[in-house]
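# Results of the structural survey
Given next are the chains, with one letter for each unit.
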Amino acid sequence: MIKLLTGLNGKWMGLFLASLIMVSCDSEDIGPEHQGEVTVSSPTVEPDGSLSLNATATFEAEISGLDGSPTLVYEWSLGAGRGTLMVEQEEKGHQTRTSASTITVRADDIGNESLRVKVLNEENDQFLGENHISFEITEAAGCFYELTIFYRNNNWENPGMAGIGMESGSFKTLELSPQNWLMDISPNGQWFLRQDFSDLRNYTIWLEACDGSGSRFLAEGP
């Protein structure tokens, strides 16, 4: 009787081991590793660097080590949702999918943020690789640190603005493109409202950082 039970146990043990081998073989196909190495970079934002509030930055994804030359698509997402993804000045929220390898991020709220991209084969949505870049959204750099008088020159072909420091006598200027006017200045002098009249059928209004670090589209209309 003991020998019979031992034989049965050996039989069931063999089946159990065979099942484990089959599961192990199948599991290798469930989550295939990526095929290529993805890097995410920006000409203006370093890894763990900073992006000024209301400014924009362009990020680019590159992938290497692929077999062949598949047509690629890119799935972008913001980890903390402190910014907005933009494609050709159109807001796309915190997630979007593009055929281009570049994306623009606008900084909306102060704090830590990360941009992640997944690269897929457009033909079959096969996952090819992913990576991310982290950065901090910070207050815009200051331009004026004393009582300042602002002078606005709305010359149609050569518009601009000058800031004159009352104590130091320092003189700072901001030049604009033709047919752009400065409409208003924030109380601390760090932000300007610019209206673009270059298209008389559709005026646009922009928020500009005083240090030129970025501009944010606000509104448009005839």
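What counts and what doesn't
- Residues numbered from 1 in each chain as written.
- Predicted model: local features only at pLDDT ≥ 70, side-chain atom pairs only at ≥ 80, totals over all residues.
- Heavy atoms only, no water.
- Pairing = 2+ DSSP bridges.
- Helix = DSSP H or I, 4+ residues; strand = E, 2+ residues; numbered from the N terminus.
- Axes fitted to C-alpha atoms, helices over the stretch in contact; angles between N-to-C directions.
- Contact = heavy atoms within 4.5 Å.

It is worth spelling out the sheet that holds strand β1 (residues 37-41) at this point. Strand order across the open sheet formed by 5 strands is β1-β3-β8-β5-β6, with antiparallel pairing between neighbours. Looking at which strands have only one partner, the edges of the open sheet turn out to be β1 and β6 (90-93). The average undirected angle you get between the axes of adjacent strands in this sheet is 35°. Sheet topology places strand β5 (residues 83-87) next to β6; 3 bridges connect them, and they run antiparallel. The residue bridging L85 from the neighbouring strand is G93, located in β6.

In this section: the pairing of strand β14 (residues 180-185). In terms of strand pairing, β14 meets strand β15 (residues 191-196) through 5 bridges, oriented antiparallel. Across the sheet, N180 pairs through a bridge with D196, a residue of β15. Counting the residues that bridge the hairpin from β14 to β15 gives 5 residues, and of these G189 lies at a positive phi of roughly 75°.

Mapped onto the fold, N54 is located in the loop between β2 (49-52) and β3 (56-64). Those residues in contact with N54 that sit more than four places away from it in its chain are R106, A107, W191, L207, S215 and R216.

Without other data, these values stay purely geometric and don't point to any function.
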